[in-house]
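# Residue-level structural notes
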Amino acid sequence: MTTVPGTRYADVNAVVGGYLRDLAFSQSSQQKMFGYKRAAAAILALDVPLTDLVGPDGTLPRILGIGPGSTRVIREILETGESPTVERTVDESGRRADIVRRRHLRRHFLSRAEVRRVLSDPGFEGPVPQQYRGDLQMHSEWSDGNPTVQEIADACRQRGYEYAAVTDHSYGLKIAGGMSTAEAAGQRRAIDAVNAQAGSQFRLLQGIEANIDAEGRLDLTDDEAATFEVVLAAPHSRLRKDEDQTARMLAAVAHPAVRILAHPRGRMSGSRAGVVADWDAVFASAAARGVAIEIDGDPARQDIDHTLAVRALAAGCLFALDSDAHTTAQLSYAETAIAHARLAGIPAARIVNCWPLDQLLRWLSRPSSACHRR
Ligand SMILES: [Zn+2]
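Description of the structure in this document. (Residues numbered from 1 in each chain as written. Predicted model: local features only at pLDDT ≥ 70, side-chain atom pairs only at ≥ 80, totals over all residues. Heavy atoms only, no water.)

### A look at helix H6 (residues 112-120)
Listed as buried for H6 are Ala113, Glu114, Val115, Val118 and Leu119. In this structure, the buried side of H6 is in contact with helix H1 (12-25) and helix H13 (334-344). (Buried < 20%, exposed > 50% of the residue type's maximum accessible area, 1.4 Å probe, protein only. Helix = DSSP H or I, 4+ residues; strand = E, 2+ residues; numbered from the N terminus. Contact = heavy atoms within 4.5 Å.)

### Looking at the sheet that holds strand S5 (residues 260-261)
Read across the sheet, 7 strands follow the order S1-S2-S3-S4-S5-S6-S7 without closing on themselves; strand pairing throughout is parallel. Only two strands of the sheet have a single neighbouring strand rather than two, namely strand S1 (134-135) and strand S7 (318-322). Pairing of strand S4 (residues 230-235) with S5, which is carried by 2 bridges, proceeds in the parallel orientation. By the bridge assignment, Ala233 is partnered in S5 with Leu261. Those strands touched by helix H8 (residues 181-198) are strand S2 (163-169) and strand S3 (203-212), and its axis lies near 155° from that of S3. Relative to the sheet, helix H14 (residues 357-365) contacts S2, S3, S4, S5, strand S6 (292-296) and S7, its axis offset from that of S3 by approximately 35°. (Pairing = 2+ DSSP bridges. Axes fitted to C-alpha atoms, helices over the stretch in contact; angles between N-to-C directions.)

### Section: the coordination of the zinc ion
Glu209 (OE), His236 (NE2) and His263 (NE2) make up the full set of protein donors to the zinc ion, lying at 1.9 to 2.2 Å. Look at where the donors of the zinc ion fall in the sequence and you get E-x26-H-x26-H. Of this pair, His236 sits in the loop between S4 and helix H10 (246-254) while His263 sits in the loop between S5 and helix H11 (279-289), and the two are 27 residues apart along the sequence. (Donors = N, O, S within 2.8 Å, 3.2 Å for Na, K, Ca; no water.)

### Considerations on the packing of aromatic side chains
In total, this model carries 3 aromatic pairs according to the counting rule given. Geometrically, the ring pair formed by Tyr132 and Tyr161 is edge-to-face, given 5.4 Å between the ring centres and 70° between the ring planes. Taken together, the positions of Tyr132 in the loop between H6 and S1 and Tyr161 in the loop between helix H7 (149-158) and S2 put the pair 29 residues apart, joining distant regions of the chain. The ring of Phe25 carries the charged tip of Arg102 above its face, separated from the ring centre by 3.8 Å. (Phe/Tyr/Trp six-rings, centres within 6.5 Å; stacked < 30°, edge-to-face > 60°. Lys NZ or Arg CZ within 6 Å of the ring centre and 35° of its normal.)

### Concerning the pairing of S7
Residues in a regular strand point their side chains to alternate faces of the sheet. Counting buried residues along S7, 5 of its 5 residues qualify, which places the element largely inside the surrounding structure. Residues Leu318, Ala320 and Asp322 of S7 are buried on one face, and the alternating residues Phe319 and Leu321, pointing to the opposite face, are buried as well. Looking at chain direction, S6 and S7 are connected through 5 bridges and run parallel. The residue of S7 that forms the bridge with Ile293 is Phe319. One crossover worth recording links S6 to the parallel S7 by way of helix H12 (residues 306-314), and it is right-handed. (Right-handed = clockwise from strand over helix to strand, strands pointing away.)

### Structural notes on the layout of surface pockets
Of the voids in this model, the largest pocket is the one considered here, and its volume is about 1,100 Å³. Lining the largest pocket are 38 residues; nearest its centre among them are Ala14, Leu44, Arg106, Phe109 and Leu110. If you list the elements that add at least two residues to the lining of the largest pocket, you get H1, helix H2 (30-44), helix H5 (96-104), H6 and H13. A total of 7 residues in the lining of the largest pocket trace back to one element, the largest contributor, which is H1. Taken together, the residues that form the lining of the largest pocket break down as 18 nonpolar, 11 polar and 9 charged. (1 Å grid on protein atoms, 1.4 Å probe; cavity = no way out; pocket = protein on both sides within 12 Å on 5 of 7 lines; lining within 4 Å. Points joined across faces, edges and corners; volume = space filled by probe spheres on them. Nonpolar A, V, L, I, M, F, W, Y, C, P; charged D, E, K, R; others polar.)

As structure tokens, this is what we get:
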């Protein structure tokens, strides 16, 4: 277990959040389980590390969503780096094997406080938030997101973006309210209206998040794909299998319409590892075709993370750093993706979101079969 005191780079909020999740999964009462889950979420979303909140007398201020049980655990961890209370509860629950499995599925996830630290630490290379010009994965009311395309454009402009892509799900993903062809045409008209109003200040692109099926095929035809300005391909099934799925991912990357391989593994923090594949082979193919590898900034996804991003960087890949927002407030998730890019030392020139709009559009209009890099 990661020790906290004296360890400069330990992500203390991630350690505490992990223990609180362990505690949640050790409860037999649903109500208590949800309580500890909420407490973990509150700690992971804090802007500052808990170590900065401790008073000179060792007391913690009241934190919204944190009850006395969680506070006791937090103090234990801050003092010793561990929590005997949690370990005892885990043993008593009889669920240690499942909880250890979940611990392994929380590796390389950053807390919000750690994201902020990485963004402001000049010791890292890679992009700074000021270089980030636009977000290329988000969802609107046209599939499983909340906002209208106008609300998305307004929120993105408020964040200083020059462009953004709305990337609702394609019709194959029924569970996420995938768009039919007719709906996509309606959304296109709504986006055109937004752009007509924005003038040269801002450009909203119509993208699509296509679903990769078991064989690596997408849930839209080539003609349909051609109507979108950016096509993302992402896996949403077979995410809990141990078997190798390299062929599936290579097939998706080889699709001539695909520009971004989105949340490549489909992992979920503490829940599933996602697709198992020879990622170096996938990255090599993506690099040769000019397909960008996404770093998805959703805190529960963080997919790919910085350790895998280092390998994609070595393979020569381009990157897309996206929020995968489903509300306008979640647009800040892009910062999580930027933090992973900094930890991996990815130069801004390799990040498509750091390109000016004309360069981005040139890349988007070039079919990947041209085998272009950059
Ligand atoms: Zn997705």
